[in-house]
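Listed here are the chains, written in short residue letters.
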Amino acid sequence: MMTPEEKGSLPIRVEKLFYELQDRIFSDIVRRIRKTKKITSTADYQINKLLLLGGSTEFIESELKRLLTLSDPEIWEMYDKVCEWEYVRNRAAYEQINGSFTPLEDNETIRKWSNAIVKQTQNEIRNLTQSMGMTVDMGGGKVVFTPLATYYQKYLDRACMDIVTGSFDYNTVLRRVVKELSSSGLQVIDYASGWRNRAPVAARRAILTGVSQLSAQINEQVMRDLGTEYVEVTAHIGARPSHREWQGRVYKWNK
């Protein structure tokens, strides 16, 4: 049971996840622009993700100018060039149209992601993958996380946020997590069950599971909003025999 103080801190803790995500997106956009001297197709995609997170066009422009140490004429020239590009996703993002900032609590997309995170973590707002790595079995059914688990879970939480929101692709995120784990010295992940995995293997499995579970939470919210009663389950080649019989069918949703 959460105390009133803990419940009151939920919005702040959820906001922190999204503001950290925003910082990672800005950092990657800046890295790409510095490398190519222009707004690439991926950077354009990420700028639109920043708009989806509620950032105004004015704020995004000012932050890019600050982080890239560009003058007004230089940032405007870069914007003019991307506006001439045939495949730009949203010209308004570069046309000095100062779209208003949307607070996180008023952002419908963010609300769905936030609710999924709260439900997935049972109000803890951490360990999004629900990984039991770095734990010790104390006996009597009691499992305790070791101090290293905090760092491990933090790497996985960032990965889940990046993938579920579509801000970064899965392979890029996985490479980053493996690099982070290697740099931190985490080579293997121990579980209370006695099982041990190499860190990259454990991280990949945890991230895949976490993203799948969070996506399912979001899908359930969308179904509730739409009043949907039926779902069609996807099917894939190479499924285990016990799964083949129920794949690709339509079922009634009872929740």
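The structure contained in this document is the topic of the report that follows.

Concerning the packing of helix 4 (residues 57-68) against helix 5 (residues 72-83)
Line of reasoning, step 1. Look at helix 4 against helix 5: their axes get within 10 Å of each other, and the N-to-C directions meet at 120°. For the element pair helix 4 and helix 5, the recorded crossing hand is right-handed. Contact with helix 4, carried on its side by I60, E61, L64 and K65, involves D72, I75, W76 and Y79 of helix 5 and no other residues of that element.
Line of reasoning, step 2. Its residues assigned to classes, the contact of helix 4 with helix 5 shows five nonpolar, no polar and three charged.

A word on the pattern of salt bridges
Line of reasoning, step 1. A complete count under the given rule lists 12 salt bridges for this structure.
Line of reasoning, step 2. As a salt-bridge pair, R31 and D28 come within 3.0 Å of each other at their nearest N and O atoms. In this pair, R31 and D28 are both assigned in helix 2 (residues 10-36), three residues apart and thus about one turn of the helix distant.
Line of reasoning, step 3. In this structure, E63 and R66 form a salt bridge, with 2.8 Å as the shortest nitrogen-oxygen distance. One end of the pair is E63 and the other is R66, both in helix 4 and three residues apart, which spans about a single turn.
Line of reasoning, step 4. Each of R24, R158, D162, R176 and E180 takes part in salt bridges that share partners, so that together they form one network.

Things to note about helix 5
Line of reasoning, step 1. The end-to-end C-alpha separation of helix 5 is 16 Å, in line with the 16 Å expected for 12 residues at 1.5 Å each.
Line of reasoning, step 2. Listed as buried for helix 5 are I75, M78, Y79, V82 and C83. Buried residues in helix 5, looked at end-on, bunch into an arc of 140°, giving them a common side. Turned more than 90 degrees away from the buried face of helix 5 sit P73 and K81, all of them exposed.

Some words on the environment of K119
Line of reasoning, step 1. Turning to its location among the elements, K119 is positioned in helix 6 (residues 108-120).
Line of reasoning, step 2. Not counting the four nearest positions on each side in its chain, K119 is found in contact with Q217, E220 and R224.

A word on the packing of aromatic side chains
Line of reasoning, step 1. All told, the structure shown has two aromatic pairs when counted by the stated rule.
Line of reasoning, step 2. Ring geometry for F26 versus F59: centroids 5.9 Å apart, planes at 85°, classification edge-to-face. A residue pair is termed long-range when its members are at least 10 positions apart, and F26 in helix 2 and F59 in helix 4 qualify at 33 residues.
Line of reasoning, step 3. Taking 5.0 Å as the distance between ring centres and 90° as the angle between the ring planes, the aromatic pair formed by Y79 and Y94 counts as edge-to-face.

Overview of the nonpolar core
Line of reasoning, step 1. Residues F18, I39, L64, Y94, Y152 and V177 are the most contacted members of the largest nonpolar core, which totals 55 residues.
Line of reasoning, step 2. Breaking this core down by element, the ones donating at least two residues are helix 2, helix 3 (41-52), helix 4, helix 5, helix 6, helix 7 (147-164), helix 8 (170-184) and helix 9 (199-226).
Line of reasoning, step 3. Looking at this core element by element, the count peaks at nine residues for helix 2.

Examining the environment of M78
Line of reasoning, step 1. Following the sequence through the fold, M78 ends up in helix 5.
Line of reasoning, step 2. For M78, a relative accessible area of 12% corresponds to the buried category.
Line of reasoning, step 3. Sequence-wise, M78 and K37 are 41 residues apart; in three dimensions their C-alpha atoms are separated by 8.6 Å.

Here we look at the side chain of D44
Line of reasoning, step 1. The topology assignment puts D44 in helix 3.
Line of reasoning, step 2. The contacts of D44, once residues within four sequence positions are left out, are I39, W85, Y87, V88, R89 and Y94.

Considering the side chain of S167
Line of reasoning, step 1. As for its position among the elements, S167 is in the loop between helix 7 and helix 8.
Line of reasoning, step 2. In terms of polar contacts, S167 uses its side chain to reach the side chain of T165, at 2.9 Å.
Line of reasoning, step 3. Ignoring sequence-local partners within four residues, the contact set of S167 consists of L21, I25, Y45, Q46, K49 and D162.

Observations concerning unusual backbone geometry
Line of reasoning, step 1. Not every positive phi belongs to a glycine, and K37 is a case in point at roughly 65°.
Line of reasoning, step 2. Examined against the element boundaries, K37 turns out to sit in the loop between helix 2 and helix 3.
Line of reasoning, step 3. With a phi close to 50°, T69 is a non-glycine residue in the positive phi region.
Line of reasoning, step 4. Among the structural elements, T69 can be located in the loop between helix 4 and helix 5.

Conventions adopted
- Residues numbered from 1 in each chain as written.
- Predicted model: local features only at pLDDT ≥ 70, side-chain atom pairs only at ≥ 80, totals over all residues.
- Heavy atoms only, no water.
- Axes fitted to C-alpha atoms, helices over the stretch in contact; angles between N-to-C directions.
- Helix = DSSP H or I, 4+ residues; strand = E, 2+ residues; numbered from the N terminus.
- Left-handed = near helix turned anticlockwise from the far one by under 90°.
- Contact = heavy atoms within 4.5 Å.
- Nonpolar A, V, L, I, M, F, W, Y, C, P; charged D, E, K, R; others polar.
- Salt bridge = Lys/Arg side-chain N within 4 Å of Asp/Glu carboxyl O.
- Expected span 1.5 Å × (residues − 1).
- Buried < 20%, exposed > 50% of the residue type's maximum accessible area, 1.4 Å probe, protein only.
- Arc of directions from axis to C-beta.
- Phe/Tyr/Trp six-rings, centres within 6.5 Å; stacked < 30°, edge-to-face > 60°.
- Core = buried A, V, L, I, M, F, W, Y, C linked by side-chain atoms within 4.5 Å.
- Polar contact = N/O pair within 3.5 Å; in protein donor to acceptor, adjacent residues only side chain to side chain.

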